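The chain contents come next:
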Amino acid sequence: MTNRYTLYGAEISYFTGKVRAYLRWKGLPHDEVPADAQVYREVILPRVGFPVIPVVVTPAGETLQDSTDIIDALEHRHPGPPVYPPGPVQHLASLLLELYGDEWLVIPAMHYRWHHNREWAMQGFGELNAPAAAPDEQRRIGAKLAQPFAQAAVLLGAEPSMHAAVEASYEALLGELDRHFARHSHLLGTGPSIGDFGLVGPLYAHQYRDPASGELMKRLAPRVARWVECMQRPGPPPPASGAFLPGDEIPDTLLPVLRRMMREQMPVLEDSARRVAARMAGHPGEPLPRTLGMHAFELEGCQGQRIVRPYSLWMLQRARDAYRALAPADRGRADALLARIGGERFAHFDDPPRLRRDGLSVAPAA
Ligand SMILES: N[C@@H](CCC(=O)N[C@@H](CS)C(=O)NCC(=O)O)C(=O)O
């Protein structure tokens, strides 16, 4: 039996970038297999039941799907320097940043890809799906495959009236992260936390690798680009090196990013929770649909509409579990952080009934 993991994914894929960065940093032997049409047909659909990447197959042949579950399963099997900081406040901050990267930065990521890098991305989809086809054929296949993703950019909130706000928010975030990386190599010290892996999903495949977005990042935030390179590249620094800041400290330079997360994403999570709770009350025991209508959101003072994503609440539940489990003294320190970042809405969040992940959506926990 091999001791190698197989990662089925793609360079152009958001969540593959997250898992790839983790496997490399953790030093886990693995082979990455591009998810072309044959891999979807022969591996992903039979093993997972629906089309998605990334998928990891373990040396024992088990299938892992969903970047968060993949990382959790591998953390469990491979002790060593953890990606979940042992300090409870850093732990909470890292989960909030993972949630922000996974479920909110998808708005600028999809916007820049489909509204500034569209032709390039369609060609990339075609090259991935049909590597042996001629470029024209790849372009045709790519255009077809890309259609739902391009539409998703608008459904996630990047409708034309919101483009300026999405770009203003993203460029401001780049500035905040760039100032942070002037002082620290990673979000919480000299090694990555789950928050770094969450942010590198959007910040690699879409915002670094897509040409127009990569140019923007390198121009506005060269230190963010260097952090992305460091997160994605094998080689130095050696795997699993680095440490979290001592004393469970949250660096001051990270506070603007956490404030942004609370300001932008938390109102949407609150409204999602209300809608999910109402839906669950009306359809007891049933899995939730992947999207639950549309709701309003605000970004940089502009009002937009976006789909309600029950899945985001499963990610939030992880952070809420960590918060609720805190011992009183740690809770006090966490509350002090939350007060500094406008996180009272998180502290007093009205949780929906307990959720479990169900593929790309969620269902009531048993
Ligand atoms: N939340 C999942 C999502 C995986 C995901 O959205 N993957 C994208 C590519 S990066 C995909 O295959 N999407 C298919 C779809 O949305 O139907 C994760 O963390 O892995």
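Above this note sits the structure.
Here the structure is a predicted model, which means the values were calculated and not measured. (Residues numbered from 1 in each chain as written. Predicted model: local features only at pLDDT ≥ 70, side-chain atom pairs only at ≥ 80, totals over all residues. Heavy atoms only, no water.)

A. How the structure looks around the overall build of the protein chain. Secondary structure summary: the protein chain contains 15 helices and 8 strands in total. Taking 21 Å as the expected radius of gyration for a compact globule of 366 residues, we find that the protein chain reaches 20 Å, a close match to that expectation. Taken over 366 residues, the protein chain has a buried fraction of 56%. Looking at the protein chain alone, contacts between residues at least 24 apart form 73% of all its contacts between residues at least 6 apart. Accessible area for the protein chain stands at about 15,000 Å²; split by element, carbon and sulfur atoms hold 56% of it. (Helix = DSSP H or I, 4+ residues; strand = E, 2+ residues; numbered from the N terminus. Rg over C-alpha atoms; globule rule 2.2 N^0.38 Å. Buried < 20%, exposed > 50% of the residue type's maximum accessible area, 1.4 Å probe, protein only. Contact = heavy atoms within 4.5 Å. Areas by Shrake-Rupley, 256 points an atom, 1.4 Å probe, with all protein chains shown as cover.)

B. Main features of the pattern of salt bridges. Within the structure shown, the criterion is met by 32 salt bridges. Of the charged contacts, one joins Glu137 and Arg140 as a salt bridge, the two residues approaching to 2.9 Å between their closest N and O atoms. Pair noted here: Glu137 and Arg140 are both in helix H7 (residues 135-155), with a separation of 3 residues, about one helical turn. Take Glu137: its relative accessible area is 32%, and that puts it in the partly exposed class. Of the charged contacts, one joins Glu176 and Arg260 as a salt bridge, the two residues approaching to 3.0 Å between their closest N and O atoms. In this pair, Glu176 sits in helix H8 (residues 163-181) while Arg260 sits in helix H12 (residues 255-282), placing the two residues 84 residues apart along the sequence. Accessibility assignment for this pair places Glu176 and Arg260 in one class, buried. When salt bridges that share partners are traced, they join Lys18, Asp72, Glu98, Asp102 and Arg318 into one network. (Salt bridge = Lys/Arg side-chain N within 4 Å of Asp/Glu carboxyl O.)

C. Spotlight on the site of the ligand. Ser13, Tyr14, Phe15, Pro51, Val52, Ile53, Pro54, Asp66, Ser67, Arg290, Tyr311 and Leu360 make up every residue found near the ligand. At 2.6 Å from an oxygen atom of the ligand is found a side-chain nitrogen or oxygen belonging to Arg290. Between the ligand and the protein, one listed contact pairs a nitrogen atom with a side-chain N or O atom of Tyr311 at 2.9 Å. For the ligand, the protein covers 83% of the area, taking 510 Å² as the surface of the free molecule. The cavity where the ligand resides is the largest pocket. By residue class, the composition of the shell around the ligand is 8 nonpolar, 2 polar and 2 charged. Taken together, domain 1 (5-77) and domain 3 (253-364) each give at least three residues to the shell around the ligand, which thus spans both. (Near = heavy atom within 4 Å. Polar contact = N/O pair within 3.5 Å; in protein donor to acceptor, adjacent residues only side chain to side chain. 1 Å grid on protein atoms, 1.4 Å probe; cavity = no way out; pocket = protein on both sides within 12 Å on 5 of 7 lines; lining within 4 Å. Sits in = over half its atoms within 2 Å of the grid points. Nonpolar A, V, L, I, M, F, W, Y, C, P; charged D, E, K, R; others polar. Domains from an automatic or database assignment.)

D. Quick look at unusual backbone geometry. Here the residue pair Ile53 and Pro54 is connected by a cis peptide bond, since its omega of 0° sits within 30 degrees of zero. Tracing the backbone through its elements, the reader meets Pro54 in the loop between helix H2 (37-48) and strand E3 (55-57).

E. Just the pairing of strand E1 (residues 5-9), in detail. Extensive coverage of E1 is indicated by the burial of 5 of its 5 residues. With burial as the criterion, each face of E1 is covered, one bearing Tyr5, Leu7 and Gly9 and the other bearing Thr6 and Tyr8. Regarding topology, helix H1 (residues 14-26) serves as the crossover connection from E1 to the parallel strand E2 (residues 30-34), and that connection is right-handed. By the bridge criterion, 3 bridges tie E1 to E3 in an arrangement that is antiparallel. Within the sheet, the bridge partner assigned to Leu7 lies in E3 and is Val56. (Right-handed = clockwise from strand over helix to strand, strands pointing away. Pairing = 2+ DSSP bridges.)

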